[in-house]
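An overview of the molecular structure
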Amino acid sequence: MVEELLDFTRIEDGRFTVSIEKLDIEAELEDAIFSYRELFKQKGITLEHVPSEEPLPIIPGDPERLKQVFLNVLDNAAKHGGSGGKITVKIDLAADHEGSGKDYVRIAVRDYGPGIPPDELPHVKYKFYKGSSKARGSGIGLAVCEEIVRLHSGVLNIENAEGGGAVVTILLPVSNNP
Ligand SMILES: Nc1ncnc2c1ncn2[C@@H]1O[C@H](COP(=O)(O)OP(=O)(O)OP(=O)(O)O)[C@@H](O)[C@H]1O
Ligand SMILES: [Mg+2]
């Protein structure tokens, strides 16, 4: 939490940076899943991983920062949505995403918990916003995650999933080129 607050101060004054390299995104994601699977199991939460059907390209990214994003989003899914007993992590290629002409790697973390009250949804990505959540935390996780994804020219979305629970979708561009 202290680390997150420090990150946040760095974001505020523009000292927060990413260090981009060629990255095996699936391996980073699997690392994060591996870190949490046992812990979640102890809490009665099944962590399901749906790998990509097609091989994913190497993409530009900061492995440490992106792992931080995955860990944060997984932490949220367990902390705020763990009552659903299951978390699904899906990764795939979103080729020509919504006709944009750009290819993205898409990571979707879905839980089966209560979801987010619709009136809170527009605010949850803001710093220090916790909504009606009674769970521990400072309300900063998603704000930091969004900034990291933004620094990758990507997009982070959080919404309610059809059939219940919340889903966080992260889109990371496959190439640096505009
Ligand atoms: N999977 C989820 N299901 C339901 N609500 C969620 C979920 N993820 C986030 N939220 C809501 O969004 C708020 C903001 O999330 P965020 O990660 O920024 O903060 P936090 O988890 O409360 O604290 P921190 O991440 O700093 O420990 C949460 O307090 C919660 O109300
Ligand atoms: Mg959080």
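Residues numbered from 1 in each chain as written. Chains lettered and ligands numbered in written order. Predicted model: local features only at pLDDT ≥ 70, side-chain atom pairs only at ≥ 80, totals over all residues. Heavy atoms only, no water.

Looking at the site of ligand 1
Threshold: What makes a residue near a molecule or strand is one non-hydrogen atom of that residue sitting within 4 Å of it. Polar contact is the term for a pair of N or O atoms within 3.5 Å; when the atoms are in protein, one must be able to donate a hydrogen and the other to accept it, and sequence-neighboring residues count only if both atoms are side-chain atoms. All accessible areas in this document rest on Shrake-Rupley with a 1.4 Å probe, and a residue is counted as covered only by the protein chains that are shown.
The environment of ligand 1 is formed by 20 residues, the closest being Asn-76, His-80, Asp-111, Lys-130 and Leu-142. For ligand 1, an oxygen atom lies 2.8 Å from a polar atom in the side chain of Asn-76. Ser-138 is positioned such that a nitrogen or oxygen atom in its side chain is 3.1 Å from an oxygen atom of ligand 1. In isolation ligand 1 has 600 Å² of accessible area, and contact with the protein removes 95% of it.

Points about a nonpolar patch on the surface
Here is the rule: Patch membership requires over 30% relative accessible area and the absence of a salt bridge. Like charges are linked within 9 Å, and nonpolar side chains (Val, Leu, Ile, Met, Phe, Trp, Tyr) within 5 Å. Criterion for a salt bridge: a side-chain nitrogen of Lys or Arg within 4 Å of a carboxyl oxygen of Asp or Glu. Helix and strand definitions here come from DSSP, where helices need a minimum of 4 consecutive H or I residues and strands a minimum of 2 consecutive E residues; each element is numbered from the N-terminal end. Each residue is placed in one exposure class: buried if its accessible area under a 1.4 Å probe, protein chains only, is under 20% of its type's maximum, exposed if it is over 50%, and partly exposed if it falls in between.
Together, Met-1, Leu-5 and Phe-128 give the surface a local cluster of nonpolar side chains, amounting to about 320 Å² of exposed area. Within the fold, Phe-128 resides in the loop between strand E5 (104–111) and helix H4 (141–151). Residue Phe-128 is classed as partly exposed on the basis of its relative accessible area, which comes to 48%.

Overview of the sheet that holds strand E4 (residues 86–94)
The condition that has to hold: If DSSP finds at least two bridges between two strands, the strands pair. Axis lines are fitted through C-alpha atoms, for helices just across the contact stretch, and the angle between N-to-C directions can take any value from 0 to 180 degrees. A contact between two residues is defined here by any heavy atoms of the two lying within 4.5 Å.
Strand order in the open sheet formed by five strands is E2-E4-E5-E7-E6, with mixed pairing between adjacent strands. A strand with exactly one partner marks an edge of an open sheet, and here the two such strands are strand E2 (46–50) and strand E6 (155–160). On average, adjacent strands in this sheet sit at an angle of 15° to one another, irrespective of strand direction. Looking at chain direction, E4 and E5 are connected through eight bridges and run antiparallel. Across the sheet, Val-89 pairs through a bridge with Val-109, a residue of E5. The strands that helix H3 (residues 63–81) touches are E2, E4, E5 and strand E7 (166–173); relative to E5, the one it contacts most, it runs at about 25°. Contacts from H4 reach E6 and E7, with the element oriented near 140° to E6.

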